[in-house]
Each structure stands twice: as structure tokens, then as C-alpha cells.
Amino acid sequence: MAKKKVTIPYLQKKKEEGKKITMLTAYDYPISQMVNEAEIDIILVGDSLAMVFQGLTSTVPVTVDETIYHCKAVMRGNTTSHVVGDMPFLSYQTSVRDAIYNAGRIMKEGGVDSVKLEGGERMADMVYGITRAGIPVMGHIGLTPQSASQLGGFRVQGKDIESAKQLIKDAIALEEAGAFALILEAVPSKLAKIVTEKVKIPTIGIGAGPYCDGQVLVTHDMLGVFDKFRPKFVKVYADIRKQIIDALVKYREEVENVGFPTDEYSYEVSEETEKMFEEIAKEF
Ligand code: KIV
């Protein structure tokens, strides 16, 4: 039986039934198709594309137009996963109006099912405004890469009393504002467990241990494509980078040694047509 489209009530039901939610990133048509075929519940068109796709050193420069471009490509490859478009830095922090406007563009032009934004209590008004406009919002707390500079780098969050309490407050504030799920990034497992028990909506961890309701990774990290750095929480499931480089080197060697293309990969004609070509050649 064909898999049905993943909906927000389905994700909520998974939490209630203790079934884990799966989520991965995609920025283009082929990866989206493969993630969909693997029956992953949620595809995130993450602003991580800045680092693993565009080769930048932070997620800050990503624009709304770039996000929409990638969302469109992902939507063409997807049939059943729930697709979340990541709201870029400064596309929602400036005002509730900007937040609704840009979330609306990402949903309307990008075709995605929901949007994600970073930040807790301080972003509750934006989450409330966007959800009231009819756009589902996924929250993202803990390590929020768009504010890595303010947080002092890409580091584990919630390790002291104040920040642990703030994380719980953030989760509750986002739930009350109407978020349908929460990403918990780089927080201690036991704190992620407490947050997961305190909120009714699903929590999806990345570097947040085994007690969250689901798990997300950046696909380019877990496939071993991105090699600049590897956070502790990334499990590498395949060495695709090596496989691609091996294939490219083999191609270069075969072309250089005339091992490719052979007749098998060439267009042959009859002897008569070959003779005709030779006659034509004499004219030039
Ligand atoms: O942009 C992204 O890929 C993300 C994940 C790390 C959750 O926000």
C-alpha cells in the first residue's frame, strides 16, 4: 500500500504512541526523492544549506529567495514526507509582520507544509502570529546556529541552572504560542528528556540524546559528504564522499587512457553510412 502523506496529527500521534519521528535535511530534487523513498517522516529544507551546499562558514547569509528556490526543488522530489522550510536569519526576528510575510512567502512560493524558526520565549510572539496566519511552525531551541556568535560558538547549551531553566521555559513558551514540534539541538540528554516530558508536542533531537520523540540529522553529514567538520552527535551511515571521488578518479583515468568511451557507449552506423562519411570528409 502506498504510504500516505505525513501530517501534523500523525506526528502528534507518533509521540502519544511512543513511536519515534524521523527527520533529515534535503536541499535538492534527487536527495528529496531518496529521503522520501526511505520513508523519512519529515524533510527539512534547512539553512544548513549555507554550510554543506554553499560552502559558507555560517547559516547567517541565507536569504528568503534562496530558501524558496531550494524548497521548490525539494517539493518536486517529495510526495509523502512533511516538508519544513527553514526561516533565514532576520526574516522573522524584526517584527511579527515580517515573520508572517516571510513565512507566507516560503509556504506559498516554496510549496512547503510548514516553517521552522530559531529561538524560544523571545520568538513566541512571532510563532503565535505565524500560526494564527494559518502556517504551522516548528520551533528550534538549544544551540541555535543563527545566533552562534551570540552563544559563543557552536557549543552544548543548558549546562548550568539558568540556561537549563531557560530551555524548559523556551519549550513551554513555544508550545503555548502554537508550535507543532520542537527541535532540541546540542543539549544534554537528561535535559532533553525533561523537556520532552514537559511538553505535549513532539521534540526532535539533534545532539540531544535518545529520549526525544524523534531525531534529525543533516543528510550531507550522515552520508559522509561534508568533510569540513563533524560534530560529536553525527553518526556517519555511508562514506558517499569517498565513493564519489573514487568514481570521478576512475572516470578521469579511463578517459585519459581511452578506456572510455568504448563502442558500447558510442553510436554506430552501417558500413554504407561510414563510407558516405568518408566521401563527405574529402569535400573539406
Ligand atoms: O538547518 C538545519 O539543517 C537545521 C538542523 C540542524 C535542525 O536547523
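From a predicted model like this one, the values you see are computed outputs, not experimental measurements.

Cut-offs applied
Residues numbered from 1 in each chain as written. Predicted model: local features only at pLDDT ≥ 70, side-chain atom pairs only at ≥ 80, totals over all residues. Heavy atoms only, no water. Phe/Tyr/Trp six-rings, centres within 6.5 Å; stacked < 30°, edge-to-face > 60°. Helix = DSSP H or I, 4+ residues; strand = E, 2+ residues; numbered from the N terminus. Buried < 20%, exposed > 50% of the residue type's maximum accessible area, 1.4 Å probe, protein only. Lys NZ or Arg CZ within 6 Å of the ring centre and 35° of its normal. Near = heavy atom within 4 Å. Polar contact = N/O pair within 3.5 Å; in protein donor to acceptor, adjacent residues only side chain to side chain. Areas by Shrake-Rupley, 256 points an atom, 1.4 Å probe, with all protein chains shown as cover. Nonpolar A, V, L, I, M, F, W, Y, C, P; charged D, E, K, R; others polar. Pairing = 2+ DSSP bridges. Right-handed = clockwise from strand over helix to strand, strands pointing away. 1 Å grid on protein atoms, 1.4 Å probe; cavity = no way out; pocket = protein on both sides within 12 Å on 5 of 7 lines; lining within 4 Å. Points joined across faces, edges and corners; volume = space filled by probe spheres on them. Salt bridge = Lys/Arg side-chain N within 4 Å of Asp/Glu carboxyl O.

(A) Quick peek at the packing of aromatic side chains. Scanning all chains against the criterion turns up four aromatic pairs. Ring geometry for Tyr27 and Phe53: centres 6.4 Å apart, planes at 65 degrees, overall edge-to-face. Here the residue Tyr27 occupies a position in the loop between strand 1 (21-25) and helix 2 (29-37), and Phe53 occupies one in the loop between helix 3 (49-52) and helix 4 (64-77), the gap between them amounting to 26 residues. The exposure class of Tyr27 is buried, given its relative accessible area of 1%. One aromatic cluster is present, built from ring pairs that chain together Tyr251, Phe260 and Tyr265. Sitting over the ring of Tyr211, Lys193 keeps its end group 5.7 Å from the ring centre.

(B) Structural detail: the site of the ligand. Within the structure, the ligand sits among Thr25, Leu44, Gly46, Asp47, Ser48, Asp86, Lys116, His140, Glu185, Ile206 and Val218. With respect to the ligand, the side chain of Ser48 contributes an N or O atom lying 2.5 Å from an oxygen atom. Lys116 is positioned with one of its side-chain polar atoms (N or O) 3.0 Å from an oxygen atom of the ligand. For the ligand, whose accessible area on its own is 260 Å², the fraction buried by protein is 96%. Residues of the shell around the ligand, tallied by class, amount to three nonpolar, four polar and four charged.

(C) Inspection of the pairing of strand 7 (residues 203-206) at higher detail. By the alternation rule, side chains of strand 7 split into Thr203 and Gly205 and Ile204 and Ile206, which are all buried. Pairing geometry for strand 6 (residues 181-185) and strand 7, over four bridges, is parallel. Note on strand 7: the bridge partner recorded for Glu185 is Ile206. In this fold, strand 6 hands off to helix 9 (residues 189-198), which returns the chain to strand 7; that crossover is right-handed.

(D) The arrangement of the layout of surface pockets in detail. Taken as a whole, the largest pocket spans an internal volume of roughly 660 Å³. Elements with a contribution of two residues or more to the lining of the largest pocket: helix 3, strand 4 (114-118), strand 6 and strand 8 (214-217). Residues that form the lining of the largest pocket fall into these classes: 21 nonpolar, eight polar and eight charged. Of the pockets and cavities examined, the second largest pocket occupies roughly 490 Å³. What lines the second largest pocket is a set of 22 residues, among which Gly119, Gly120, Arg122, Thr144 and Leu151 lie closest to the centre. Considering each element in turn, the lining of the second largest pocket owes the most residues, four residues, to helix 8 (residues 161-177). Considering only residue class, the lining of the second largest pocket consists of six nonpolar, 12 polar and four charged.

(E) Quick peek at the pattern of salt bridges. Inspection of the entire model under this criterion finds 13 salt bridges. The residue Lys5 makes a salt bridge to Asp113 at a minimum N-O spacing of 2.9 Å. Of this pair, Lys5 sits in the segment before helix 1 (8-16) while Asp113 sits in the loop between helix 5 (96-110) and strand 4, and the two are 108 residues apart along the sequence. Where Lys193 meets Glu197, a salt bridge forms, and the shortest distance between an N and an O atom there is 3.1 Å. Taken together, the positions of Lys193 and Glu197, both in helix 9 and four residues apart, correspond to about one turn of that helix. Overall, the relative accessible area of 57% leaves Glu197 in the exposed class. Via salt bridges that share partners, Lys13, Glu17 and Lys19 belong to a single interconnected network.

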